[in-house]
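Structural features, examined
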Amino acid sequence: MKFSYRFSNLLGTVYRRGNLNFTHDGNSVISPVGNRVTVFDLKNNKSDTLPLATRYNIKCVGLSPDGRLAIVVDEGGSALLVSLVSRAVLHHFHFKGSVHSVSFSPDGRRFVVTKGNIAQMYHAPGRKREFNAFVLDKTYFGPYDETTCIDWTDDSRCFVVGSKDMSTWVFGAERWDNLIYYALGGHKDAIVACFFESNSLDLYSLSQDGALCVWQCDTPPEGLRLKAPSGWKADLLRREEEDEEDEDRDTETTIRGKATPAEEEKQGKVKYSRLAKYFFNKEGDFNSLTAAAYHKKIRLLVTGFASGIFHLHELPEFNLIHSLSISDQSISSVAINSSGDWIAFGCSGLGQLLVWEWQSESYVLKQQGHFNSMVTLAYSPDGQYIVTGGDDGKVKVWNTLSGFCFVTFTEHSSGVTGVTFTATGYVIVTSSMDGTVRAFDLHRYRNFRTFTSPRPTQFSCVAVDSSGEIVSAGAQDSFEIFVWSMQTGRLLDVLSGHEGPVSGLCFNPVKSILASASWDKTVRLWDMFDSWRTKETLALTSDALAVSFRPDGAELAVATLNSQITFWDPENAVQTGSIEGRHDLKTGRKELDKVTAKHSAKGKAFTTLCYSADGQSILAGGMSKFVCIYHVREQILMKRFEISCNLSLDAMEEFLNRRKMTEFGNLALIDEDAGQEDGIAIPLPGVKKGDMSSRHFKPEIRVTSLHFSPTGRCWAATTTEGLLIYSLDAQMLFDPFELDTSITPGRVREALRQREFTRAILMAFRLNEDKLVQEALESVPRGEIEVVSSSLPELYVEKVLEFLASSFEVSHHLEFYLTWTQKLLMLHGQKLKSRAGQLLPVVQFLQKSIQQHLDNLSKLCDWNRYNIQYALAVSKQRGMKRSLELPGSEEEAEVSEDDSLYLLGAGDGDTHEEGMLG
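Residues numbered from 1 in each chain as written. Predicted model: local features only at pLDDT ≥ 70, side-chain atom pairs only at ≥ 80, totals over all residues. Heavy atoms only, no water.

1. Things to note about the overall build of the chain
The number of helices and strands found in the chain is 13 helices and 59 strands. Per-residue burial over the chain gives 51% buried out of 918 residues. For the chain, long-range pairs separated by at least 24 residues make up 50% of all intrachain contacts whose partners lie at least 6 apart in sequence. Looking at the chain as shown, the accessible area adds up to about 43,400 Å², and 49% of this sits on carbon and sulfur atoms. (Helix = DSSP H or I, 4+ residues; strand = E, 2+ residues; numbered from the N terminus. Buried < 20%, exposed > 50% of the residue type's maximum accessible area, 1.4 Å probe, protein only. Contact = heavy atoms within 4.5 Å. Areas by Shrake-Rupley, 256 points an atom, 1.4 Å probe, with all protein chains shown as cover.)

2. Looking at the environment of D218
With respect to the secondary-structure elements, D218 resides in the loop between β20 (211-217) and α1 (232-243). The class for D218 is partly exposed, based on a relative accessible area of 49%. Once you skip the residues sitting within four places of it in the chain, D218 turns out to touch K269, V270 and K271. Looking at D218, its side chain comes within polar contact range of the side chain of T219, at 3.0 Å. Within the local environment of D218, its side chain forms a polar contact with the backbone nitrogen of K271, the two atoms lying 3.0 Å apart. (Polar contact = N/O pair within 3.5 Å; in protein donor to acceptor, adjacent residues only side chain to side chain.)

3. Re the sheet that holds strand β10 (residues 99-104)
Sheet architecture is open: five strands sit in the order β10-β11-β12-β13-β21, paired in mixed fashion. In this open sheet, the two edge strands, each paired with only one partner strand, are β10 and β21 (253-256). Between one strand axis and the next, the sheet turns through 20° on average, direction left out of account. Pairing between β10 and strand β11 (residues 110-115): five bridges, direction antiparallel. Bridge pairing in β11 links S101 to T114. (Pairing = 2+ DSSP bridges. Axes fitted to C-alpha atoms, helices over the stretch in contact; angles between N-to-C directions.)

4. Some details on the environment of T254
With respect to the helices and strands, T254 occurs in strand β21. Non-local contacts of T254, meaning those with residues more than four positions away in its chain, are made with T139, F141 and R175.

5. Comments concerning the pairing of strand β16 (residues 168-172)
Extensive coverage of β16 is indicated by the burial of five of its five residues. Here β16 shows a buried face lined by T168, V170 and G172 and a second buried face lined by W169 and F171. Here five bridges tie strand β15 (residues 158-163) to β16, and the two strands are oriented antiparallel to one another. Considered in β16, the bridge of F159 is made with F171.

6. What about unusual backbone geometry?
A cis amide bond, omega 5°, links L315 with the succeeding residue P316. With respect to the secondary-structure elements, P316 resides in the loop between β25 (309-314) and β26 (319-325). Residues other than glycine seldom take positive phi values, yet Q635 does so here, at roughly 55°. Among the residues examined, Q635 registers a relative accessible area of 30% and is labelled partly exposed.

7. Details of the packing of aromatic side chains
Where two aromatic rings form a pair, the distance of their centres and the angle of their planes describe that pair. Throughout the structure, instances matching the rule amount to 41 aromatic pairs. Considering the side-chain rings of F93 and F134, the 5.1 Å spacing of their centres and the 70° angle between planes classify their relative orientation as edge-to-face. In this pair, F93 sits in strand β9 (residues 88-94) while F134 sits in the loop between β12 (118-123) and β13 (135-141), placing the two residues 41 residues apart along the sequence. Look at F93 and you get partly exposed, because its relative accessible area is 21%. Between W356 and Y363 the ring centres are 5.3 Å apart and the planes differ by 80°, which places this aromatic pair in the edge-to-face class. (Phe/Tyr/Trp six-rings, centres within 6.5 Å; stacked < 30°, edge-to-face > 60°.)

8. Considerations on the side chain of D584
Mapped onto the elements, D584 comes out in helix α3 (residues 582-585). Buried charge without a salt bridge: D584, with R640 as the nearest opposite-charge side chain at an N-O distance of 4.5 Å. (Lys, Arg positive; Asp, Glu negative; His and termini not counted. Salt bridge = Lys/Arg side-chain N within 4 Å of Asp/Glu carboxyl O.)

9. Examining the nonpolar core
With 36 residues, the main nonpolar core has I761, W820 and L824 as its most contacted residues. Counting residues per element, the ones that place at least two in this core are α5 (745-753), α6 (757-767), α7 (770-778), α8 (785-791), α9 (794-808), α10 (814-833) and α11 (836-885). The leading source of residues in this core is α9, at eight residues. Look past the residues within four positions of I761 in its chain and what remains in contact with it is A776, L777, V780, V788, L792 and W820. One finds C158, W215, I255 and Y272 within the second-largest nonpolar core, a separate group that totals 33 residues. (Core = buried A, V, L, I, M, F, W, Y, C linked by side-chain atoms within 4.5 Å.)

10. Some details on the side chain of E197
Structurally, E197 is set in the loop between β18 (191-196) and β19 (203-207). What makes E197 buried here is its relative accessible area of 6%. In this structure E197 touches D202, L203, Y204, Y294, K296 and R299, once residues within four positions along its chain are discounted.

11. A few points about α10
L827 marks where α10 bends most, by close to 55°. Looking at α10, one finds that the buried residues are F816, Y817, T819, W820, T821, L824, H828 and L832. (Bend = angle between axes of the 7 residues up to and from the residue.)

12. What about the packing of α5 against α7?
The geometry of α5 relative to α7 is characterised by a closest axis approach of 10 Å and an angle of 10° between their N-to-C directions. Classified by the angle between their axes, α5 and α7 sit roughly parallel to one another. Side by side, α5 and α7 meet where P745, V748, R749 and L752 of the first sit next to L772, E775 and A776 of the second. Taken together, the residues of the contact of α5 with α7 break down into five nonpolar, no polar and two charged. (Parallel < 35°, antiparallel > 145°, perpendicular 65-115°, else oblique. Nonpolar A, V, L, I, M, F, W, Y, C, P; charged D, E, K, R; others polar.)

13. A short note on the packing of α6 against α9
It is at 11 Å that the axes of α6 and α9 come closest, and there the two elements cross at 75°. With respect to each other, α6 and α9 are oriented roughly perpendicular. Every residue of α9 that contacts α6 at L762, F765 and R766 is listed here: Y796, K799, V800 and F803. When the residues that make up the contact of α6 with α9 are grouped by side-chain class, the tally is five nonpolar, no polar and two charged.

14. Digging into the confidence of the model for the chain
A residue-level look at the chain finds 83% of positions with pLDDT of 70 or above and a mean pLDDT of 83. Confidence drops under pLDDT 50 across residues 671-681; counting only partners more than four residues distant or on other chains, this segment forms 15 contacts. (pLDDT = per-residue confidence, 0-100.)

15. So, the sheet that holds β19
By definition, the strands of a sheet pair up through backbone hydrogen bonds, in either a parallel or an antiparallel sense. In spatial order, the strands read β18-β19-β20-β22; together these four strands make up an open sheet with antiparallel pairing. The sheet terminates laterally at β18 and β22 (272-279), the two strands that pair on one side only. Strand-to-strand twist in this sheet, taken as the mean axis angle between neighbours without regard to direction, amounts to 20°.

16. Side note on the pattern of salt bridges
Where charged atoms from two side chains of opposite charge approach closely, those side chains can pair. In total, this model carries 25 salt bridges according to the counting rule given. Two residues, R87 and D48, come together in a salt bridge whose shortest N-O distance is 2.3 Å. Of this pair, R87 sits in the loop between β8 (78-83) and β9 while D48 is found in strand β5 (residues 46-49), placing the two residues 39 residues apart along the sequence. Note on R87: relative accessible area 30%, which makes it partly exposed.

17. A look at α5
For an α-helix, the turn length of 3.6 residues means that residues three or four places apart are oriented alike. Listing the buried residues of α5 in full gives V748, A751 and L752. Buried residues of α5, seen end-on, are gathered within an arc of 100° and therefore sit on one face of the element. Against the buried residues of α5 lie α6 and α7. One or two steps after α5, the chain reaches R755, where phi turns positive at roughly 60°. (Arc of directions from axis to C-beta.)

18. Looking at the pairing of strand β58 (residues 714-719)
Of all six residues making up β58, six are buried, and the element is well covered by its neighbours. Residue alternation in β58 divides its side chains into two sets, C714, A716 and T718 and W715, A717 and T719, and both sets are buried. Sheet topology note: the strand β57 (residues 703-708)/β58 ladder contains five bridges and is antiparallel. Opposite L706, over in β58, you have A717 as the bridge partner. The turn linking β57 back onto β58 is made up of five residues, and G712 within it adopts a positive phi angle of 80°. Summarising the sheet, β58 and strand β59 (residues 723-728) pair through five bridges and their orientation is antiparallel.

Here it is as structure tokens:
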């Protein structure tokens, strides 16, 4: 069992807050998700979360013009310089204050951040190696209130800054002699966005009350004159230019603007005049503007409002193109890609991300996570899909390869408490607090069965047996277990005996045994074939919170309220071991706790359990930021995963912060930002999620569910941050197997030259380098695969199958590797069957890889078949038409046949286009 698991992807949450960005090519959206960054590739239909995390939730992201670098700034003012090529953090920096926005200049040499009521310009990190990546160049003063937005001119000579004090300021990146800095007024509310016109100093400013001001400048960008230095500054500048012409000065300059300069100061200087003022809310209904984006080449202005409506206008005439609504929640961020075809919208209230193609009026991407926290998850038997259930009553199915949700079921009217797949992988069974258990079909995407109890009850868990014929659910209020038939939907039995709420159900994967855990300090084993009678009752020392069978059904694990995990032999009802997890759980301290995290951990326990695919290890999680993985036989902690380092979540601190304790009480009790949008409200006593009716609440970090992939390659956890997926670390460079000094890459290649393929493959697998193994396998001629496969030892057959499964995902030699797989399974199938339990993860990984290719080929074949049928139908129709024009002519029949061949050949471009439209 390998423990080199690393964070691989974040699903379930697509957008939280912050600004959206399109990549340089315009094909991907960069979305901030909590304290992580996810890249949605719209062309290849994939999503990928960068392997980095900030200390707090991300506030803004700035992208360099070439798309290679990104500056990620969190709520605390800490910044990360990230390479989007290598996906690595290059530099850490702290801006010493809350940053509202960051923007690179079009030439990529500088970037500006707005912080408080100032704007600061830094030298951007270049391609040459630098000791300090961020060098402060100038600090601009002028606005009286917080600055909100930035935009640059195309030539990077000037930039404009908007402020909450209703003013707009134009600043120069250099010291321009004829440009003085003064405020542009004309608005009655805070500035939301401001944009320069293309190759001009003319600009537009938009305010929160839905007003647009058009400003005209009397000077072109080429008319700006540099201020000539005099005296000792000129001598110093000349000396620096002689030393190094391209070197930028590291001295910081402070520049102060004037709100109302004198008239004599304006003479001979750049002047702005307001040409027009437009209003978005002409009907009179007040609707505040929240986000805007402008595409300078096609002059397209996109504005988003608090009611979920967005407008598309053509400037400077202010012609309305579209006015549509995407939801009833406020639009937090808007972005336009480089070609101007796609528009991205982010709604933080719903956690929604949309990409809209405005010319065809169609969605390119429409993704939304769970509105409330996710509660439960389950992997499909082949590991391709993950189903999640949340407190919002939604059931979502995610593709693990693309990272996208492709179906959402909304039939439940209350929180979903349990989800599971049947053995076929095409049926999902869910339980809910609304008193129903539902079965969903993944072929037709419908709810085809609804199981109910004779009297209303709340179901806390659900389980399906290995045959998929029997569904059981545990009740939270009546302490009973209900059993239904999947085929008929009829209630078969009601199992009574527990004296407390049923907290977990699990079917034995091999035998017909159901295990039920309850708060009455027992786990009961029910026999399916013996009239559902209690086979055994396992007495525990504390309330049972979760129960799980090992994949081979020979062991049972139970998590209890006293932080213990106990292991049982279900055949003999004997306890085989226990793990004390109190110190490993390490729960954090909440803001309002009066005790340290060490003492608060006494009342915490693991609430979810999951065996690994090979059954040697067990995963455990609960009300903590840690997930622990234990070795079952040795009963020791193998590794502890920290699922989050986000201090914007509650229960993250481990120590008391004495600075927050004053004579008036805890500072966390004081709602300092009560008038602002995201002020922190005080949760009610006993409430874990915060007051949902308040403006903002601080969610508590916790792990609600864990599940290991049947392929053994990854595991997933539903947490406060979303659905986290951890996969095997593919960057392990050297993992030898039974290696000695006589085995080298040279010996492997020498054996291949001598056509001793079996010996070469065995030596390559003992070195365990993927490139060498691939070279050895692909050197075997297709006709000799059967002979080489039959001569492989049984121990190496499993390793070859595992390598083939991983190669299917990346290699184009599909038929060659399929031949290897077929010969190995045909020749060694009987021997492998005796170790079916240990080989199950490898076989399922192989099945997942082959199934993926099957699905892709099926879609391609269906599409080609449709095109051929359409082309034949069109050619037949044309042939009939011509035969009617010239009846009885053999030449006409020949022409019709040639016409049909032409349609099926290279000249079917028009027909293919018609088929797509049809």
